[in-house]
Each structure stands twice: as structure tokens, then as C-alpha cells.
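Coordinate analysis (summary)
What follows is the residue order along each chain.
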Amino acid sequence: GKLDRRALPEPEEVRGGEGEAPRPGLEEWVAGVFRDLLGVAEVGRESSFFALGGHSLLATQLQSRLRAELGRELALATVFEEPTVAGLASRLVAAGASTAPPLVRREGQGPLPLSFAQERLWFLAQLEPSSSWYHVPLVATLRGRLDVAAWRRALTGLAERHEGLRTRFPAREGRPEQEILPPGPVALPVVDLSGLAREAGEAEGERQLSAAMRRPFDLAAAPPWRALLLRRDAHDHGVCLTLHHVVSDGWSNGVLIEELAALYRSASTGEAATLAPLPVQYADFALWQRQWLAGEELERQLGHWRTELAGLPPLLELATDRPRPAVLTAAGGFVPLVAERELASGLAALARSRRGTAFMAWWSAFALLLWRWSGQRDVAVGTPIANRGRREVEGLIGFFVNTLVMRLALDPRAGFASLLAQARERSVAAWGHQDLPFEKLVEALAPERSLSATPLFQVMLTWRNFRAASLELAGLELVPREVELGLSKFDLTLTLTESGEGVEGGLTFRQDLWDRSTVERMAAHLLRLAAGAAAEPERPLSSLPWLSPAEQ
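Residues numbered from 1 in each chain as written. Predicted model: local features only at pLDDT ≥ 70, side-chain atom pairs only at ≥ 80, totals over all residues. Heavy atoms only, no water.

A look at the overall build of the protein
Summing up its helical and strand segments, the protein has 15 helices and 18 strands in all. For 552 residues, the compact-globule estimate of 2.2 N^0.38 gives 24 Å, and the protein sits close to it at 24 Å. For the protein, the spread of C-alpha atoms along the principal axes amounts to about 65 × 65 × 55 Å. The proportion of buried residues among the 552 residues of the protein is 52%. The long-range fraction of contacts in the protein, counting pairs at least 24 apart against all pairs at least 6 apart in sequence, stands at 76%. Accessible surface, the protein: about 25300 Å² in total, of which carbon and sulfur atoms supply 51%. (Helix = DSSP H or I, 4+ residues; strand = E, 2+ residues; numbered from the N terminus. Rg over C-alpha atoms; globule rule 2.2 N^0.38 Å. Buried < 20%, exposed > 50% of the residue type's maximum accessible area, 1.4 Å probe, protein only. Contact = heavy atoms within 4.5 Å. Areas by Shrake-Rupley, 256 points an atom, 1.4 Å probe, with all protein chains shown as cover.)

Spelled out as C-alpha cells, the structure:
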């Protein structure tokens, strides 16, 4: 309501609101990729990728399209420097050929290695075989008449399509291997709750779900996923799919839901499924990763991170309610957080005006909070990245996500705009070196290990911007349900998702360190800092408001 539209000059006549049309050749091709990735109809030669709705994950997909279809390697930083159709096309003219080996189907049979990330999770599973830390549960309610036989066939079809869902991980001479099992029917236990009274049925359903989500996997014996169906009545079912992180990640959840819906429609109607063939499988990626990230390429990526993390403090010492114990447990709590639309859009607009993204703005605000709660000006957080920089793997269910260590230096005399500029620079540099597995980084830097803190960072920032899954099922309404396992892998994790109403998420915290009421104050401080930064981006960080009037 602060824009005086009547005072604005009359706009010049433009094509589709996006200016001059792209020129034939590379500009037309780049504009077509913009339309495909961003879902927009009109794209002009001066259209900006980020102004049209692009973000870091889509920028990575844009980069992979250039590599796959033109065979040219364009640095991710270039997308941020030249985000327009014309700008990118001009930079493509001088772009060099991709140096990475092609990702193709493997030939022959025999033992298969794990990816680097899978190997780390396998090792952790040996240390704590009864833990559910790395379980990925998908829980939803299905309303409507469910064809149980078709649902079972859809699950079986999903496992036939994705080798990772029928892979086990035996050890030979102390080293894990992937063993892909032949296709076969997927077990679907059905628990009938229809004969119980409402309250008793709800309690038993929750007990069954909790047991299914927490029951450990034996990675050496069977594929690390399972299904459960709860029948409340003929038109109300609860579904639970529990996957081990070794074969799945956040992006995979969207792929799984969309393909399961398509396979169910096919199984229930008798029509053929319209899923495109998969160009590669996860085991092909694992082989490719070990071939590529070796020698010169490995040293190049390690060189960046050694420089970036040199002198990093070993511990972010946030103010806590209790002393840090010698051995941390996994017990965790969760505090929800909602940034209303006005705040979220204001912070995003500030980021765009500085050629950045909403993630960069919220990371900067979070770093401000961590500085206020620790007194440390050198602040590092871990952040997951989809790591799907190859177009061949975009449609796979598998464990691709990587963890980046993101570091900011805070100057209390500088403004938030300066901090945001630093966040932009360091984000782009980190994303340009995202292929180095976190496991390799820890191995190379060899930080001092402790059971009281995680290495390199103790606080996580998770920004969920992967594509939303289509939830259309034949004659059914699927209602997803968020579940909390009551676990915290890090001291503190801020999870944020952009929605139509703003930005929402929450703080997951270690109960060893904090009471819930303390983390509720922390969440309020973050929102207050973000609002102050959006309103006065040039104001010194030291004077941005963060305490409530009562706290002040």
C-alpha cells in the first residue's frame, strides 16, 4: 500500500510486459529454458531469471540444461552476474566445453560401490544400528474409495522403476557394496482400524505409525524402505512410507509422490503409465561420482573449501540453558515460526534489489541472530543443497543431497545490505563448488572430533525450494501430514519454506541444551531482526532491534 501508482509515468508499450523479443539463435534457446523452468509464458531478451521467480536451485537446473543440450560449461556465478536472456546468451558464446565425464548407464555386472554420501550413512548405521535419525517418513491421508490392490501394484511398479528401492548394502571385507535385487512384489501390511471406537482407533493408528517410522532397517538384509496402510473406513485411509536416507532425500519425496500417483492411476484404470524412461540409475551416479571426483578435480574443489574455511572457530557457542554435555543425545524439540507475507515479501524484494535471493536474505538474518546469541562475529552454518546438477538425475529417487558449510563475518558497524552482499558472494562461490561431498571435506580438513558437537558446524539452515509434487490421484484426495520424530541432529536447525502466505517453518533444537520457552524467544528475535533489516537495510547491525519491549 506504499506505492503511489498515479505518480508513476505511463509505461512504454512492451511485448507481453517483457520488452524486446529474444533474437534468433542462443537468445531464443535461453528464453525457452526460462519458460520451461519458471512456468512463464512471455520472456523478453531483457527478462531477468530471478525477477521471473528463479532461485538458486532453478539456477543449478539452468546450468545443467546448458551442459546437457549445448555441451557448454557456464559457471553458476555467471547466472547471477548476467541473469537476463541477452546477458546469458552473450556469455554462452565464449563458454568452454564441459570437462566432466558423461553420466551414462553402467556396463556389465558385479559389485557396485556406494556414493560418498551413502558410504558415510552406512558407517553411521553400523555405529548406531537401532537409531531412526536418518529415517525419512512420508505420511498422508487418502480420502475416497481406495483400490488397495492397485496401490500395492503402484508400489511394486515404483520399485521396479528405481533400482535404489530394491538395493541392499552388504559388507565384504569390511567395505559396503550395493547389491541390486531383481524386481518383485512390495509388501503392504494393512491394519484395519474400522472396528475400533474413534478415539481408540486414532490412538492405535498413531501407535502403528510411530512404530513403522522408528523401526530400524537392516541395510545388509533388505531394501531400506517399507510401506504401511491404515484402514479407518472404506473412504478414509492413512498411508505411511518410511525410507532410509541412504536411498532418498527431500527432492526424491516429490519424485516419489508424483510417480506413485501416476502408477496408481495406471493400475486402477488399466491405462498405461506415461512415465518417461529413466536415462540412468543411482548406482550409475555413484560410479560416475567416484570417477569424476578424483585427482585434479578433487583437489580443485578441496582448494576452494580449504581457503573458505581456514581459521573457522571449532564451535559456535550459543547461550544455552544448560552446559553442553560430554555426550549429546538426539532428543529434540520443535518451535514453529511464521513470517507474514509483508515481512517475507519485503525481505525478498530487498534481496532481488541486490541481485540476490530470499535464501541469502534469511541466511543473513539468521547469522545476525546467531551473533546476538553467541557474541561471535565469525558464524558458520551448514545448509543442504539438492546437488542435482546433472539433468540425467533429476527424475531419480536417491540420496544426492549434499551439505555445504556457509560462513559469514559480521561487522556490527556495517548495515544489513553489506551483510547481504557478502552472503550473495559466498553463496554463489559455495554453489559453484557444491559437488565436493561433505564427507570428503571433513576427511580432508580433519577437524577435532567430539561426541559433544558435530564437526565444522553445529547449526543448520534448511531452505526448502524444491518443486512441489502433484497430488492428483484417481478418485482420491491425498492430504500430506508433517511428522516430527522428536530428534535433533544439530544444536539448532532453522527450516524455512516459501508459501503463498509468506515464509513458514520452525526451529528444531537439542533438548540437552535448551528449554522450549528459550527457543520460542529465539524465534521471536529472528523475526524482529528480519523486520528491522528489511525496513532499514543500511542501519548498523548493532542497532537493529531484536529484543521485545519487555526484554529491553
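What about the pattern of salt bridges?
Scanning the entire structure with this criterion turns up 36 salt bridges. The salt bridge involving Arg510 is made with Asp491; its shortest N-O contact spans 3.1 Å. Of this pair, Arg510 sits in strand E18 (residues 502–510) while Asp491 sits in the loop between strand E16 (476–481) and strand E17 (492–499); the two residues are 19 residues apart in sequence, bridging distant segments of the chain. For Arg510, a relative accessible area of 3% corresponds to the buried category. Asp491 gets classed as buried once you look at its relative accessible area, which sits at 2%. Residues joined by salt bridges that share partners form a network here, namely Arg168, Arg172, Glu177 and Glu179. (Salt bridge = Lys/Arg side-chain N within 4 Å of Asp/Glu carboxyl O.)

Section: the packing of aromatic side chains
Using the criterion set out here, one finds 16 aromatic pairs in the structure. Put simply, the rings of Phe34, Phe49, Phe50, Phe80, Phe359, Trp363, Trp431 and Trp463 pair up and form one aromatic cluster. The aromatic ring of Phe217 is capped on one face by Arg226, whose charged end is 4.0 Å from the ring centroid. (Phe/Tyr/Trp six-rings, centres within 6.5 Å; stacked < 30°, edge-to-face > 60°. Lys NZ or Arg CZ within 6 Å of the ring centre and 35° of its normal.)

Considering helix H9 (residues 282–292)
Burial analysis of H9 places 8 of its 11 residues in the buried class, the great majority of the element. Along H9, the residues that are buried comprise Tyr282, Ala283, Asp284, Phe285, Ala286, Trp288, Gln289 and Trp292. Of the surrounding elements, those touching the buried residues of H9 are helix H5 (116–127), strand E7 (179–180) and helix H10 (295–308).

Re the side chain of Ser266
With respect to the helices and strands, Ser266 occurs in helix H8 (residues 250–269). Polar contacts involving the side chain of Ser266 include one to the main-chain amide nitrogen of Ala273, which spans 3.3 Å. Not counting the four nearest positions on each side in its chain, Ser266 is found in contact with Glu271, Ala272 and Ala273. (Polar contact = N/O pair within 3.5 Å; in protein donor to acceptor, adjacent residues only side chain to side chain.)

Here we look at the packing of helix H12 (residues 358–374) against helix H15 (residues 516–535)
Closest axis-to-axis distance for the H12/H15 pair is 9 Å, and the angle between their directions is 130°. Looking at the two axes, H12 sits oblique to H15. At the point where H12 passes H15, the crossing takes the right-handed sense. Two secondary-structure elements touch here, H12 through Trp362, Ala365, Phe366, Leu368, Leu369 and Trp373 and H15 through Thr518, Arg521, Met522, His525, Leu526, Leu527, Leu529 and Ala530. When grouped by side-chain class, the residues that make up the contact of H12 with H15 number 11 nonpolar, 2 polar and 1 charged. (Axes fitted to C-alpha atoms, helices over the stretch in contact; angles between N-to-C directions. Parallel < 35°, antiparallel > 145°, perpendicular 65-115°, else oblique. Left-handed = near helix turned anticlockwise from the far one by under 90°. Nonpolar A, V, L, I, M, F, W, Y, C, P; charged D, E, K, R; others polar.)

Observations concerning the packing of helix H6 (residues 148–161) against H8
Viewed as axis vectors pointing N to C, H6 and H8 meet at an angle of 125°, and their least axial separation amounts to 8 Å. Of the possible angle classes, the one that applies to H6 and H8 is oblique. Like other packed secondary-structure pairs, H6 and H8 cross with a definite hand, here right-handed. On the side of H6, the interface is formed by Ala150, Trp151, Arg153, Ala154, Leu155, Gly157, Leu158 and Arg161, while H8 contributes Leu256, Glu259, Leu260, Leu263, Tyr264, Ala267 and Ser268. Partitioning the contact of H6 with H8 into residue classes produces 10 nonpolar, 2 polar and 3 charged.

Regarding the pairing of strand E3 (residues 135–143)
Residues in a regular strand point their side chains to alternate faces of the sheet. For E3, the tally of buried residues reaches 8 of 9 residues, placing the bulk of the element in the interior. Strand direction decides the pairing type here: E3 and strand E10 (residues 236–244), joined by 9 bridges, are antiparallel. Directly across from Thr141, in E10, lies its bridge partner Gly238. Across 5 bridges, the pairing between E3 and E16 is antiparallel. Counted as the bridge partner of Val139 is Arg481 from E16. (Pairing = 2+ DSSP bridges.)

Observations regarding the nonpolar core
Core analysis: the biggest nonpolar cluster contains 99 residues, and Phe34, Phe49, Phe366 and Leu492 have the highest contact counts within it. For this core, the element with the most residues is H12, which contributes 14 residues. If we ignore the near neighbours within four places in the chain, the residues touching Phe34 are Gly39, Val40, Val43, Ser47, Ser48, Phe49, Leu52, Leu62, Pro83, Thr84, Val85 and Leu88. (Core = buried A, V, L, I, M, F, W, Y, C linked by side-chain atoms within 4.5 Å.)

Things to note about unusual backbone geometry
Peptide bonds are mostly trans, and most non-glycine residues show a negative phi. Of note in the backbone geometry, Asn387 takes a positive phi value of approximately 60° without being a glycine. Examined against the element boundaries, Asn387 turns out to sit in the loop between strand E12 (378–385) and strand E13 (402–409). If you check the backbone angles, Leu456 has positive phi at about 75° while not being a glycine. With respect to the helices and strands, the residue Leu456 is situated in the loop between helix H14 (438–445) and strand E14 (459–464). Its relative accessible area of 11% is what places Leu456 among the buried residues.

Comments concerning the pairing of E10
Counted residue by residue, E10 has 8 buried out of 9 residues, so it is predominantly covered. Pairing between strand E9 (residues 225–233) and E10: 8 bridges, direction antiparallel. Along E10, the bridge assignment pairs Leu229 with Val239.

With respect to the confidence of the model for the protein
When pLDDT is averaged across the protein, the result is 91; 97% of the residues are at 70 or more. Scored below 50 in pLDDT, residues 13–17 makes 5 contacts in the model with residues more than four places away or belonging to other chains. (pLDDT = per-residue confidence, 0-100.)

Examining the side chain of Glu259
Within the secondary structure, Glu259 is located in helix H8. A residue is classified by how much of its surface remains accessible, and Glu259, at 7% relative accessible area, is buried. A polar contact of 2.9 Å, which involves the side chain of Glu259, links it to the side chain of Arg161. In this structure, Glu259 is in contact with Leu158, Arg161, His162, Leu275 and Gly395, ignoring residues within four places of it in sequence.

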